[in-house]
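# Observations on the three-dimensional arrangement
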Amino acid sequence: DTAVSQTPKYLVTQMGNDKSIKCEQNLGHDTMYWYKQDSKKFLKIMFSYNNKELIINETVPNRFSPKSPDKAHLNLHINSLELGDSAVYFCASSRADSPLHFGNGTRLTVT
Amino acid sequence: QKEVEQDPGPLSVPEGAIVSLNCTYSNSAFQYFMWYRQYSRKGPELLMYTYSSGNKEDGRFTAQVDKSSKYISLFIRDSQPSDSATYLCAMKGNQGGKLIFGQGTELSVKP
């Protein structure tokens, strides 16, 4: 009964490929997020959705496209992968006024 | 200059020591302050959540917020090897606002 689950855990792919990461939460939260954690452990927000509506869209290349089919799911599609996209991507969820709950991350390696 | 500054460490202490972790910030609008703990290959998990200035205690953990100095701290008493992890401070200005993270401090507690 994992609260925030992401798949896959590991993703190794070549430059130029397109890949997707999926996230699901069973906490009944109305807001979901994607964060990127670089090699120095710095966590930076990429996107936030509230009730399937995009509310935060940071300065992220438009090769990254989030999609929220419903309140419990937020997927991240990445086109034309680059070496610099290698990082750990975390999905999180919250109610608007409560702290974030994180998944265990997807470790993306672009070769 | 980053909005939230945190010494990345690493910090190594003997078991039983008192640990002090700190963050400074520049945005006076921040009102909600959090500490997350992140074990290796896992997602961040919430440790402490405080609003505005003051202290909050939970077991061996104490969080302090000094808004006048723009400085927050996390104290761990009687530290244990199981406390070895990266500790991330995080803060935001209002309930629906963006959560901004510090870089994280890597802590190692030696038996």
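See above for the structure.
Below, the structure is looked at part by part. From a predicted model like this one, the values you see are computed outputs, not experimental measurements. (Residues numbered from 1 in each chain as written. Chains lettered and ligands numbered in written order. Predicted model: local features only at pLDDT ≥ 70, side-chain atom pairs only at ≥ 80, totals over all residues. Heavy atoms only, no water.)

### Section: the overall build of chain A
Worth spelling out the cut-off: We count a stretch as a helix when DSSP gives it H or I for four or more residues in a row; a strand needs E for two or more, and each element gets its number in order from the N terminus. Relative accessibility thresholds used throughout: buried, under 20% of the residue-type maximum; exposed, over 50%; partly exposed, between the two (1.4 Å probe, protein chains only). Residues are treated as being in contact if the distance between any of their heavy atoms lies within 4.5 Å. Under the convention used here, a 1.4 Å probe and the Shrake-Rupley method define accessible areas, while residue burial counts only the protein chains that appear. In this charge count, Lys and Arg are treated as positive and Asp and Glu as negative; neither His nor the chain ends contribute. One atom stands in for each charge, and that atom is NZ of Lys, CZ of Arg, CG of Asp or CD of Glu.
When you go through chain A residue by residue, the secondary structure sums to zero helices and 11 strands. When the helices and strands of chain A are listed from N to C terminus, the series reads β-β-β-β-β-β-β-β-β-β-β. Once the C-alpha set of chain A is aligned to its principal axes, its extents read approximately 40 × 25 × 25 Å. Every one of the 111 residues in chain A was classed for burial, and the buried ones make up 43%. Here the analysis covers contacts within chain A between residues at least 6 apart in sequence; of these, 53% occur between residues at least 24 apart. In the structure as shown, chain A presents an accessible area of about 5600 Å², 48% of it carried by carbon and sulfur atoms. Of the side-chain charges in chain A, 13 are positive and 11 negative, and the distance between the mean point of each set is 5 Å.

### Considerations on the sheet that holds strand 3 (residues 19-25) of chain A
Residues and elements named next belong to chain A. Formally: Pairing between two strands is assigned when DSSP locates at least 2 bridges connecting them. For helices, the fitted line uses only the C-alpha atoms of the stretch in contact; every axis is such a line through C-alpha atoms, and the angle between N-to-C directions lies from 0 to 180 degrees.
Strand order across the open sheet formed by four strands is 1-3-8-7, with antiparallel pairing between neighbours. Only two strands of the sheet have a single neighbouring strand rather than two, namely strand 1 (4-7) and strand 7 (64-70). Each adjacent strand pair in this sheet contributes to an overall mean axis angle of 20 degrees, direction not counted. As judged from the four bridges shared by strand 3 and strand 8 (residues 73-78), these two strands associate in the antiparallel manner. Within strand 8, the residue paired with K19 across the bridge is I78.

### Looking at the sheet that holds strand 6 (residues 54-58) of chain B
All names here are of chain B. Spatial strand order, 1-3-8-7-6: five strands in an open sheet with antiparallel pairing. Every other strand in the sheet has two partners, leaving strand 1 (4-5) and strand 6 as the edge strands with one partner each. Where strand 7 (residues 61-66) and strand 8 (residues 71-76) come together, six bridges link them in antiparallel fashion. From the neighbouring strand, F61 faces strand 8, where its bridge partner is I76.

### Observations concerning the interface of chain B and chain A
Our working rule: Buried area: the accessible area, evaluated with a 1.4 Å probe, that two parts lose upon being put together, summed over both parts. Within this document, salt bridges are pairs made up of a side-chain nitrogen of Lys or Arg and a carboxyl oxygen of Asp or Glu, the two lying within 4 Å of each other.
Each partner contributes residues to the interface: chain B has 20 residues there, and chain A has 20 residues. Together, the buried faces of chain B and chain A total about 1800 Å²; carbon and sulfur atoms form 55% of this surface. The three residues of chain B that bury the most area against chain A are R41, K98 and F101 of chain B, which together make up 29% of that side's buried surface. Seen at the junction of chain B and chain A, the total is one salt bridge.

### A look at the environment of A29 of chain B
One can find A29 of chain B in the loop between strand 3 (19-25) and strand 4 (32-38). Judged by its relative accessible area of 42%, A29 of chain B is partly exposed.

### Considerations on the state of the cysteines
Heads up, the condition is: Two cysteine sulfur atoms make up a disulfide if the distance between them is within 2.5 Å.
Tallied over the full model, the rule gives two disulfides over all chains. The disulfide partner of C23 of chain A is C91 of chain A, and the gap between their sulfur atoms is 1.9 Å. Disulfide C23 of chain A to C91 of chain A: torsion about the S-S bond roughly -75 degrees, handedness left-handed. With C23 of chain A in strand 3 and C91 of chain A in strand 9 (residues 87-94), this residue pair connects regions lying 68 residues apart in the sequence. Accessibility classification places C23 of chain A together with C91 of chain A in one group, the buried group. The disulfide partner of C23 of chain B is C89 of chain B, and the gap between their sulfur atoms is 2.0 Å. Given an S-S torsion of about -100 degrees, the disulfide between C23 of chain B and C89 of chain B has left-handed geometry. Within this pair, whereas C23 of chain B is found in strand 3, its partner C89 of chain B is found in strand 9 (residues 85-92), the two being separated by 66 residues in sequence.

### Remarks on the packing of aromatic side chains
Going by this rule: Here a Phe, Tyr or Trp ring, Trp counted by its six-membered ring, pairs with any other such ring whose centre lies within 6.5 Å, and the pair is stacked when the planes are under 30 degrees apart, edge-to-face when over 60, and tilted otherwise. Geometrically, a charge over a ring is one whose NZ (Lys) or CZ (Arg) sits within 6 Å of the ring centre while staying within 35 degrees of the ring normal.
All told, the structure shown has 12 aromatic pairs over all chains when counted by the stated rule. Ring centres 4.9 Å apart and planes at 45 degrees place the aromatic pair Y32 of chain B and Y51 of chain B in the tilted group. Taken together, the positions of Y32 of chain B in strand 4 and Y51 of chain B in strand 5 (residues 45-51) put the pair 19 residues apart, joining distant regions of the chain. Among the residues examined, Y51 of chain B registers a relative accessible area of 48% and is labelled partly exposed. Here a set of aromatic residues connected by ring pairs shows up, and it is made of Y33, Y35, F90 and F102 of chain A together with Y36 and F101 of chain B. When the ring centre of F42 of chain A is taken as reference, the NZ or CZ atom of K2 of chain B above it lies at 5.3 Å.

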